[in-house]
Structures are given as C-alpha cells and as structure tokens.
Amino acid sequence: MTRGCEKEYEGRPLLVTMGLDGDATTASAPAKCILFGEHAVVYGEPAVAVALEQRLNVRISPAKSWSIDGSSLTAKRHPHIHHLVHALWTNTSEPKPLSVHVTGDIPRASGLGSSAALSVALCAALDTSRENSGDRLDHDEMSHLAHMAEATAQSGRASPMDTSTSTLGGVVVLSDRKEDGCEWAFTRQLETPEGMRTWEIHTMTPPQDDVYLVLGNTGVHAPTSHQVALVAAALEANPERINEIRAIGSISRRGLKALQEGNYDVVGHAMSENHLILRNLGVSSEELETLISAALPTALGAKLTGAGGGGCMVALTRQPKATSEAIELAGGRTLISRLGNPGATLIEGPKETFWRD
Ligand code: MEV
C-alpha cells in the first residue's frame, strides 16, 4: 500500500508516494542538458544546464549481498556506486547489503548526465536506509557526495554541473561569482590536477515560452573522462588555448542574459556560437556535425551537449516535430524535452526523507 503526498514544482503538482509497507526505496533524478559552457566549466568558467524530462530511477531493497541489477558490486565496474556507499557509511556503522535496481530512459554515455543522475538518485535512496534518520542529507550535501563520485570517476577533473542539475532540477547556473538574477544555492570546491576550482551554484527560472529541446543521439559512446583529458592535453600543449575556454565563458554569460530576458532567438544563436568553439577545441565528431547541420534549418540554434566526441547534440526549437524528424533522417535517435524539470525525488520509501528544505 502506498500513500500519496502532493508537492509542487513551479506551480505544477508532483506526486511523491511513500510506501507504508515493504522495505524498498525508490528515488529518481533527471538527465541534464548543457546549454552553454561544457568543458570551460571544468576551468571555472560559467555554464548553464537544464534538467530534462528523461529520468533514472534507483530502487534499493535489503539483500544477502550487494548487487547491481543482478551483478556483484565492484569498484572497477561501478565506481560511482562504490564511492557513494563508502562515503555515506562511516567506519562506525557498516552498511547492510542492498540489491540495487536501476531503470529509466536516459541513454548511457551520451552526454545527458546518466552517471550523475545515477549518483544523485542512489544517494537519495541510500540516505533513507541509513540508521540515523535525524541526519538526513539536504540538496547541498547530496550533490556534494554525487560530485565527489563523479570526480573520482573522472580522474579529479569534474565540475559539479551534472550533479547539481540532477539534484536541484530546473535551470542551473554555475559561475566563478554570484550571479544577479539567479537564486544562489551553494558553493562547491574541488582540487583538480590543474589547481583549486570554486563554483557558485544557482538556479534560475527563465520566462515561459513555447520552446523545446530536441536531443539527437549519435549512438557513439565517448567517455567523459577521455574527452576532459583531451581538452587538458590541448591546453597543456598550447597554454594560449585558454583563450578559447574564456571565449566559451563569455558566450555562456551572454546566453544566460538572453535566457533571463526570455530572448530565445539570442539563446539559440549563442548556442550555435558555443558549438563553433567546441568544434575548434576538437571535441565534436563527424556524427555530431551531421546531426547539428540537419537540425539547424528548423531550429533557433544547435550544439553538441556534454563532453562530445559522440553522445548527443541539442537543438533549441519552436518546431520540435520538424527538428526531430530532420535529426532522425540524418541518422540520430531523438528525445524531446521542455526546459527545466524537477530534480531529485523520492518516489517510494520511508517518510523521513532528504527533503529538508
Ligand atoms: C560533462 O557533462 C560536462 C563536462 O564539462 C565535464 C564536467 O563538467 O565535469 C565536459
């Protein structure tokens, strides 16, 4: 038996059900799409991402030994999960083994933040199974733990972009300073191989308009860690290329202003401009270029999204059907989403949740 509880997300009701029997807990977190600033954000430049309609659900239930979708948990196979389990339980309290089941509609290794959504949803679910319920995580702590899991998996070079967006939902802005016109949420720091980075994390609500994001998946898998290392190597070989990183930062700032004003034509234009620099940095691919060219005639703008090298492109459009068909004709698989969706959500589980705010 379950009990429903109405919460709201930007005026829209969000149903959270709390199981009154059974020991399972299910938490859910959204995919993300970066509108501006991927790669540059690793070097402290501003970036903007939105939570997508596509989500990942993690269901945990007590078991005799740890397993993930039927296979045993190992640090090598499941670095994010392994990291989180060890971070959430201190040496004083041993975690009881759990069976973890992952479902959802976020394509893996496609630039849509499936690993961040996994870390965030898992964090939310695992938190409820810790014994001290008075010590539940809030959004800041949850996204911090998930970020550390990402950083471990990306050799210490990971911005908190994906994990913050998956945790907070809506539209998330990262910057090296507190931004006007945004709601500041928390500060995040990380010691990267290139030095200490600090990000101010905000949410913002753009004016409503009839615009959509169409994501086009190339089907080519390119690990984020590899793409991030590629940019680091390009900068090491030619330190002047930091100017390209800074140029992305100023496009992000311009794109953010246009988003705040609801000027979606300018937002689209800035997205296309951002893509040209990413292409020049060497993180695009032939497949991404094909899908972007196919989308542009019916879109306000288009770019690769995420780490690139494969994965997805995104088009901002007022004609989602036409843009989606053009991308599919060029060989991509598409997903359509509105801008900004709910962040981490507990779907089924104990009453006292991470939801402290
Ligand atoms: C990956 O979704 C975005 C990158 O900027 C890496 C990061 O922010 O950690 C490429």
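Residues numbered from 1 in each chain as written. Predicted model: local features only at pLDDT ≥ 70, side-chain atom pairs only at ≥ 80, totals over all residues. Heavy atoms only, no water.

Caption draft 1: Representation of the overall build of the protein chain. Looking only at helices and strands, one finds nine helices and 15 strands in the protein chain. For the protein chain, the accessible area works out to roughly 15100 Å², and carbon and sulfur atoms hold 50% of it. (Helix = DSSP H or I, 4+ residues; strand = E, 2+ residues; numbered from the N terminus. Areas by Shrake-Rupley, 256 points an atom, 1.4 Å probe, with all protein chains shown as cover.)

Caption draft 2: Region of the structure containing the packing of helix H2 (residues 114-128) against helix H4 (residues 161-168). Put simply, H2 and H4 touch, their axes get as near as 8 Å, and they point 50° apart. Taken together, the axes of H2 and H4 lie oblique to each other. Here the hand of the crossing between H2 and H4 comes out right-handed. Residues Ala116, Ala117 and Val120 of H2 form the contact with H4, whose participating residues are Asp162, Thr163, Ser166 and Thr167. Per-class residue counts for the contact of H2 with H4 are three nonpolar, three polar and one charged. (Axes fitted to C-alpha atoms, helices over the stretch in contact; angles between N-to-C directions. Parallel < 35°, antiparallel > 145°, perpendicular 65-115°, else oblique. Left-handed = near helix turned anticlockwise from the far one by under 90°. Contact = heavy atoms within 4.5 Å. Nonpolar A, V, L, I, M, F, W, Y, C, P; charged D, E, K, R; others polar.)

Caption draft 3: Looking closely at helix H9 (residues 320-329). Within H9 the residues assigned to the buried category are Pro320, Thr323, Ser324, Ala326 and Ile327. In a view along the axis of H9, the buried residues occupy a sector of 160°, so they form one face of it. Seen from the open side of H9, the exposed residues pointing more than 90 degrees away from its buried face are Lys321 and Leu329. If you follow the buried residues of H9, they end up packed against strand E11 (212-217), helix H8 (286-295), strand E13 (312-317) and strand E14 (333-337). Immediately beyond the C-terminal end of H9, within one or two residues, lies glycine 331, with a positive phi of roughly 105°. (Buried < 20%, exposed > 50% of the residue type's maximum accessible area, 1.4 Å probe, protein only. Arc of directions from axis to C-beta.)

Caption draft 4: Examining the nonpolar core more closely. Of all hydrophobic cores here, the largest spans 96 residues; its most connected members are Leu35, Val58, Leu126, Leu213, Leu259 and Met313. A per-element tally of this core places H2 first, with nine residues. Contacts of leucine 213, omitting those with residues within four sequence positions, involve Cys33, Leu35, Val50, Leu52, Val314, Ala315, Leu316, Leu335, Ile336, Ser337 and Leu339. (Core = buried A, V, L, I, M, F, W, Y, C linked by side-chain atoms within 4.5 Å.)

Caption draft 5: Quick look at unusual backbone geometry. A positive phi angle, close to 70°, is found at histidine 39, a residue other than glycine. When you line up the elements, histidine 39 lands in the loop between strand E3 (25-36) and strand E4 (47-62). For histidine 39, a relative accessible area of 5% translates into the label buried. For alanine 109, which is not glycine, the phi dihedral falls at a positive 45°. Inspection of the secondary structure assignment puts alanine 109 in the loop between strand E7 (98-104) and H2.

Caption draft 6: View of the site of the ligand. As a matter of local geometry, the ligand sits amid 13 residues, with Lys32, His39, Ala158, Ser159 and Asp162 nearest to it. Backbone polar atom of histidine 39 to an oxygen atom of the ligand: 2.9 Å apart, as the coordinates give it. Between the ligand and the protein, one listed contact pairs an oxygen atom with a side-chain N or O atom of serine 159 at 2.5 Å. Across the complex, the protein chains shield 97% of the 300 Å² of accessible surface that the ligand would expose by itself. Taken atom by atom, the bulk of the ligand overlaps the largest pocket. In the shell around the ligand, the residues fall into six nonpolar, four polar and three charged. (Near = heavy atom within 4 Å. Polar contact = N/O pair within 3.5 Å; in protein donor to acceptor, adjacent residues only side chain to side chain. 1 Å grid on protein atoms, 1.4 Å probe; cavity = no way out; pocket = protein on both sides within 12 Å on 5 of 7 lines; lining within 4 Å. Sits in = over half its atoms within 2 Å of the grid points.)

Caption draft 7: Representation of the state of the cysteines in the model. In total, this model carries zero disulfides according to the counting rule given. Cysteine cysteine 33 is unpaired, with the sulfur of cysteine 312 as its nearest cysteine sulfur at 8.5 Å. Looking at cysteine 33, the relative accessible area reads 0%, which means it is buried. (Disulfide = S-S within 2.5 Å.)

Caption draft 8: Here's a closer look at the sheet that holds strand E12 (residues 301-305). With respect to topology, four strands assemble into an open sheet ordered E12-E13-E11-E14, the strand pairing being antiparallel. Pairing within the sheet leaves two strands with one partner each, and these edge strands are E12 and E14. Here the strands of the sheet are splayed against their neighbours by 25° on average, with no regard to which way each runs. Set on the sheet, H8 makes contact with E11, E12 and E13; between it and E13 the angle comes to about 10°. (Pairing = 2+ DSSP bridges.)

Caption draft 9: A look at the pattern of salt bridges. Considering all chains together, one arrives at 14 salt bridges under this definition. Lysine 32 is the salt-bridge partner of aspartate 162, the closest N and O atoms lying 3.3 Å from each other. Residue aspartate 162 is located in helix H4, and its partner lysine 32 is located in strand E3; the two are separated by 130 residues in the primary sequence. Overall, aspartate 162 belongs to the buried group, its relative accessible area being 17%. (Salt bridge = Lys/Arg side-chain N within 4 Å of Asp/Glu carboxyl O.)

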